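Residues per chain are reported as follows:
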Amino acid sequence: MKDTRNKNDMLTKGWIVALLAFVCCALWGSAIPTIKIGYQLFDITNSDIGSQIVFAGLRFTLAGILTVLIGSIAQKQLLVPKKDEYRSVLKLCMLQTVIQYFFFYVGVAHTTGVKGSIILGTNTLIAILAASLIYHQEKLTKTKFIGCVIGFIGVFLANTSSSGIDLNFALNGEGFMFISVTSYAFSSIYLKKYSNKSNPVMLSGYQFAVGGIILFGIGLFMGGNIHNFTFLGLLILIYLAFVSAIAYSLWGILLKHNPVSKVTIYGFMNPVIGVLLSAVVLGEMQQAFCLKNMLALILVAIGIYVVNRKQKEKIYN
């Protein structure tokens, strides 16, 4: 019992949360350029949404298997959901995998990369607001709100260009992207809720497996297909599955032991890291480490600090 309490205390320490959250964000950020490489290796075009969803289905099904396998080895027993946990797994798989990624893949094909990345940056703000104002899992303070705004400004800055951003709105583009980020934001809230009674690694593993199978079926129904399997392509697929398995499991563990805002605020790092890694992979080092992106990182860091600093202040109900 003592060891468990010590372990739980460690998972609430600021530097531990920051380290593990940064690992998650770095993994998620690396997925962006890796997916593009995967599309090239499997001959999946940008307009072939069906095949993209089939690809995602394979990735998440494999991620689920890896998560359950790694978790079972770590705990020296097979992770299996109990009868009363089936509903939790199904709800999570719909929010975190099926709805999020279906609307993401369709939406990203009908909007610009800049607007898509900025919309993705709103998921952290949505998660914190929903956890505070709708589900009352924590209190919304002025400091938390200001920190979220600062972090979002950093995300916005990282994805702006000299040509500016058009304000056109399409339901199957920007609308679908917003549905995707909202679904993800609510999945974080439910993952924290269910993790109070269930193993977060088990929840992540089985929701990935079920969600991946559903996505695979949807992709096939849309006429998608995966071909041109190569050894390198298989390695890419395994890496992407590993990214999801490790990142979401760590994220779930952090949510179990910390307030939603303390963890999800680090989500502002995702699009910024994605921009930097994508530029590095494409050999655009000067673009990656330009003044604009460095300032974006600083703003995100300030937002994270503001949300996580301890102080007494007025609560917003």
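It should be noted that the structure appears before, not after, this text.
In this section: the overall build of the protein chain. The helix and strand tally for the protein chain stands at 14 helices and two strands. Within the protein chain, contacts between residues separated by at least 24 positions form 88% of all contacts whose residues are at least 6 apart in sequence. Accessible surface, the protein chain: about 15400 Å² in total, of which carbon and sulfur atoms supply 68%.

A word on the packing of aromatic side chains. A full pass over the atoms with the stated rule returns 14 aromatic pairs. Relative to Tyr105, the ring of Tyr101 has its centre 6.4 Å away and its plane inclined at 40°; by these criteria the two rings are tilted. Of the two residues, Tyr101 and Tyr105 both sit in helix 4 (residues 86-108), four residues apart, roughly one turn of that helix. Across the pair, exposure class does not vary: Tyr101 and Tyr105 are buried alike. Between Phe102 and Phe103 the ring centres are 5.4 Å apart and the planes differ by 85°, which places this aromatic pair in the edge-to-face class. On the accessibility criterion, Phe103 (18% relative accessible area) is buried.

Before going further, it helps to examine helix 9 (residues 200-221). The terminal C-alpha atoms of helix 9, which comprises 22 residues, lie 31 Å apart, in line with the 32 Å expected from a rise of 1.5 Å per residue. Sitting at the amino-terminal end of helix 9 is Asn199, which places a side-chain oxygen 2.8 Å from the backbone nitrogen of Val201. Two residues or fewer after helix 9 comes Gly223, characterised by a positive phi angle close to 90°.

What follows deals with the packing of helix 3 (residues 49-75) against helix 10 (residues 231-257). Where helix 3 contacts helix 10, the two axes come as close as 8 Å, and the packing angle between them is 55°. It follows from the interaxial angle that helix 3 and helix 10 lie oblique. Relative to helix 10, the crossing made by helix 3 is right-handed. Contacts between helix 3 and helix 10 involve Phe55, Leu58, Arg59, Phe60, Leu62, Ala63, Leu66, Thr67 and Ile70 from the first element and Leu237, Ile238, Leu240, Ala241, Phe242, Val243, Ser244, Ala245, Ile246 and Ser249 from the second. Looking at the contact of helix 3 with helix 10 residue by residue, the classes come out as 15 nonpolar, three polar and one charged.

This brings us to a nonpolar patch on the surface. A cluster of nonpolar side chains, Phe231, Leu232, Leu234, Leu235 and Ile238, forms an exposed patch at the surface whose accessible area comes to about 480 Å². With respect to the helices and strands, the residue Leu234 is situated in helix 10.

Once that is clear, we can look at the packing of helix 6 (residues 123-133) against helix 8 (residues 171-195). Running from amino to carboxyl end, helix 6 crosses helix 8 at an angle of 45°, the nearest separation of the two axes being 8 Å. With respect to each other, helix 6 and helix 8 are oriented oblique. Where helix 6 crosses over helix 8, the two elements pack in a sense that is right-handed. Along the contact surface, helix 6 presents Asn123, Ile126, Ala127, Ala130 and Ala131, while helix 8 presents Phe178, Val181, Thr182, Tyr184, Ala185, Phe186 and Ile189.

The rules behind the values
- Residues numbered from 1 in each chain as written.
- Predicted model: local features only at pLDDT ≥ 70, side-chain atom pairs only at ≥ 80, totals over all residues.
- Heavy atoms only, no water.
- Helix = DSSP H or I, 4+ residues; strand = E, 2+ residues; numbered from the N terminus.
- Contact = heavy atoms within 4.5 Å.
- Areas by Shrake-Rupley, 256 points an atom, 1.4 Å probe, with all protein chains shown as cover.
- Phe/Tyr/Trp six-rings, centres within 6.5 Å; stacked < 30°, edge-to-face > 60°.
- Buried < 20%, exposed > 50% of the residue type's maximum accessible area, 1.4 Å probe, protein only.
- Expected span 1.5 Å × (residues − 1).
- Polar contact = N/O pair within 3.5 Å; in protein donor to acceptor, adjacent residues only side chain to side chain.
- Axes fitted to C-alpha atoms, helices over the stretch in contact; angles between N-to-C directions.
- Parallel < 35°, antiparallel > 145°, perpendicular 65-115°, else oblique.
- Left-handed = near helix turned anticlockwise from the far one by under 90°.
- Nonpolar A, V, L, I, M, F, W, Y, C, P; charged D, E, K, R; others polar.
- Patch = residues over 30% accessible without salt bridge, like charges linked within 9 Å, V, L, I, M, F, W, Y side chains within 5 Å.
- Salt bridge = Lys/Arg side-chain N within 4 Å of Asp/Glu carboxyl O.

Everything listed is a geometric property; what it means functionally is a separate question.
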